[in-house]
Amino acid sequence: MSANHNNHFVCNPSTRRSIHIPAAMRFSPYPQARSRTPFFGSATFGVHDENIPPVSRTRTPSPELDNVRGDFREYISPAGAYSGSQHGINALVDKMGISTHREEVHGFAALSLQEMMIQMYASNLAKADAIEAIKTSLVKILMRLEHLEKLNQENWKPSEIQQTLLKGLLGHFLVKPIESYARLYSRVGTFIYRKAEWLHLGLYLTDPIVRVTIDTYLSNQCKEIKSNFRKQIVASVTGNTKKPLELFTRDMVNKYHLPIVPHAIPQDIMAAMRYFAKLPELGHKPQ
């Protein structure tokens, strides 16, 4: 059996089969090269027997893989445009949308591998320092916001619109028939607690300072509203300003009822106004 300088044939006495071993495997210092396991780079490796078909090492075509490689070959292939040509670098810059850094990318591409590694390492350190500086600034901002939030809570006051709403709620419950008007502000506070989201007073549920501030405002305004209401009652039943009960009730409903003024006066409100109108005649003040 003969062999040239590139091939080596081994005869197995028991099977009388010739095994073809590439020269690269015979002279490789690595153990796997001396085994029968084929490695990338050898063209063929098989048993020379007409009954045993040779094993092909040709890559099976893969359209999906070819498409993926085709999308990026121009930019990342060692033999492609990205590795050296100006056109490839410009194409990469345009694809990534960093045209303002075009000159920097060209300069970086001209560096040696060692220079690239050093520059990337230094750039990473600079970015890490910048991130730490941003973190420090954010912590300071959050602390400042927390401080301002506390100051805002301590000095919170209802806005003009909120004050109008609170006064309107007091007047609304003033003309409604309830069992007692002595703690009218407390009844309004309970209503706000139940309808806080609808009234856009959500802080009343969660912030004790806001709740105390609103309750105090309701208590103070309640005294003024009840005083004006008593004067209107007295004026409606005495002197030149005396009015029929139905007309007086209509005036009170138009002035105080929320959110929609009823077209027909509710009978329970009419009864409450009749009660209030009798108090001055009896020498009592509405409470």
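Now for a quick tour of the structure. Each chain carries its own residue numbering, running from 1 in the direction its sequence is written. This being a predicted model, a pLDDT of at least 70 is required before a residue's local features are given, and a value of 80 or more before pairs of side-chain atoms are given or counted; all residues contribute to the totals for chains, interfaces and linings. Note that the side-chain values use all heavy atoms of the structure and ignore hydrogens as well as water.

## Quick notes on the overall build of the protein
Working step 1: Of regular secondary structure, the protein possesses 12 helices and three strands.
Working step 2: Using a 1.4 Å probe, the Shrake-Rupley method yields the accessible areas, and only the shown protein chains count as cover for residues. As displayed, the protein offers around 20800 Å² of accessible surface, 58% of which is attributable to carbon and sulfur atoms. A run of H or I in DSSP becomes a helix once it reaches four residues, and a run of E becomes a strand once it reaches two; helices and strands are each numbered from the N terminus.

## Looking at the side chain of Lys 226
Working step 1: Locating Lys 226 in the fold gives a position in helix 10 (residues 208–237).
Working step 2: A relative accessible area of 12% means that Lys 226 is categorised as buried.
Working step 3: A distance of 2.8 Å separates the side chain of Lys 226 from the backbone oxygen of Tyr 181, its partner in a polar contact. Working definition: with a 1.4 Å probe on protein chains only, accessible area under 20% of the residue-type maximum means buried, over 50% means exposed, and in between means partly exposed. Identification of polar contacts relies on pairs of N or O atoms within 3.5 Å, with a donor-acceptor requirement for protein atoms, meaning one able to donate a hydrogen and the other able to accept it, and with residues adjacent in sequence counted only if both atoms are side-chain atoms.

## With respect to the pattern of salt bridges
If the charged atoms of two oppositely charged side chains come close together, the side chains can form a pair.
Working step 1: Each reported salt bridge corresponds to a side-chain nitrogen of Lys or Arg within 4 Å of a carboxyl oxygen of Asp or Glu. Counting across every chain of the model gives three salt bridges.
Working step 2: Note that Arg 102 is salt-bridged to Asp 94, the shortest N-O span being 2.7 Å.
Working step 3: For Asp 94, a relative accessible area of 48% corresponds to the partly exposed category.
Working step 4: With a closest N to O distance of 2.7 Å, Lys 243 and Asp 251 form a salt bridge.
Working step 5: The class of Lys 243 is partly exposed, set by a relative accessible area of 36%.

## Focus on helix 8 (residues 184–194)
Working step 1: Every buried residue belonging to helix 8 is among Leu 184, Val 188, Gly 189 and Ile 192, and all of these are buried. Projection of helix 8 onto a plane perpendicular to its axis shows the buried side chains occupying an angular sector of 140°, all on one side.
Working step 2: Only heavy atoms enter the contact rule, under which two residues are in contact if any of them lie within 4.5 Å. In the core, the buried residues of helix 8 are packed alongside helix 7 (160–175), helix 9 (203–206) and helix 10. Throughout, the arc means the angular range of directions from the helix axis out to the C-beta atoms.

## Remarks on the nonpolar core
Working step 1: Throughout, nonpolar core names a set of buried Ala, Val, Leu, Ile, Met, Phe, Trp, Tyr and Cys residues whose side chains join them through atoms within 4.5 Å. Membership of the largest hydrophobic core comes to 32 residues, with the highest contact counts inside it found for Ile 192, Ile 214, Phe 229 and Met 273.
Working step 2: Looking at this core, the elements that each hand over two or more residues are helix 7, helix 8, helix 10, helix 11 (245–256) and helix 12 (267–281).
Working step 3: When residues in this core are grouped by element, the largest group, eight residues, is from helix 10.
Working step 4: Setting aside anything within four residues of it in sequence, one finds Ile 214 in contact with Trp 156, Leu 166, Ile 192, Leu 201 and Tyr 204.

## A short note on the packing of helix 10 against helix 11
Working step 1: Two numbers describe how helix 10 lies on helix 11: the axes approach to 11 Å, and their chain directions differ by 160°. Judged by the angle between their axes, helix 10 and helix 11 are roughly antiparallel. By crossing handedness, the relation of helix 10 to helix 11 is classed as right-handed. Counting all contacts with helix 10, which are made through Phe 229, Gln 232, Ile 233 and Ser 236, the residues of helix 11 involved are Phe 248, Met 252, Lys 255 and Tyr 256.
Working step 2: For the contact of helix 10 with helix 11, the per-class residue count stands at five nonpolar, two polar and one charged. Simply put, an axis is a line fit to the C-alpha atoms, just over the touching stretch for a helix, and the angle between two N-to-C directions goes from 0 to 180 degrees. Put simply, angles under 35 degrees are roughly parallel, angles over 145 are roughly antiparallel, angles from 65 to 115 are roughly perpendicular, and the rest are oblique. Definitions for this section: a left-handed crossing has its near helix turned counterclockwise from the far helix by less than a right angle. A right-handed crossing has that turn clockwise. Residues are grouped as follows: Ala, Val, Leu, Ile, Met, Phe, Trp, Tyr, Cys and Pro are nonpolar; Asp, Glu, Lys and Arg are charged; all remaining types, including Gly, are polar.

## Notes on a nonpolar patch on the surface
Working step 1: Nonpolar side chains collect at one region of the surface, where Ile 134, Leu 138, Ile 141, Leu 142, Leu 145, Leu 148 and Leu 151 lie side by side and expose about 640 Å² of accessible area between them.
Working step 2: Mapped onto the elements of the fold, Leu 148 is located in helix 6 (residues 113–154).
Working step 3: Take Leu 148: its relative accessible area is 39%, and that puts it in the partly exposed class. For patch building, the residue pool is restricted to those with more than 30% relative accessible area and no salt bridge; the joining distance is 9 Å between like charges and 5 Å between nonpolar side chains (Val, Leu, Ile, Met, Phe, Trp, Tyr).

## Side note on the environment of Ala 109
Working step 1: Mapping Ala 109 onto the fold places it in helix 5 (residues 102–109).
Working step 2: Linking Ala 109 and Gln 86, residues 23 residues apart in sequence, is a C-alpha distance of 9.6 Å.
Working step 3: Beyond its immediate stretch of four places on either side in the chain, Ala 109 contacts Ile 89 and Met 116.

## Notes on the packing of aromatic side chains
Working step 1: When the centres of two rings from Phe, Tyr and Trp lie within 6.5 Å, Trp using its six-membered ring, the rings pair. Their planes under 30 degrees apart give stacked, over 60 give edge-to-face, and anything left gives tilted. Using the criterion set out here, one finds five aromatic pairs in the structure.
Working step 2: Between Phe 173 and Phe 191 the ring centres are 5.5 Å apart and the planes differ by 65°, which places this aromatic pair in the edge-to-face class. In this pair, Phe 173 sits in helix 7 while Phe 191 sits in helix 8, placing the two residues 18 residues apart along the sequence.
Working step 3: Residue Phe 173 is classed as buried on the basis of its relative accessible area, which comes to 13%.

So, to be careful, I would describe these as geometric facts and stop short of saying anything about function.
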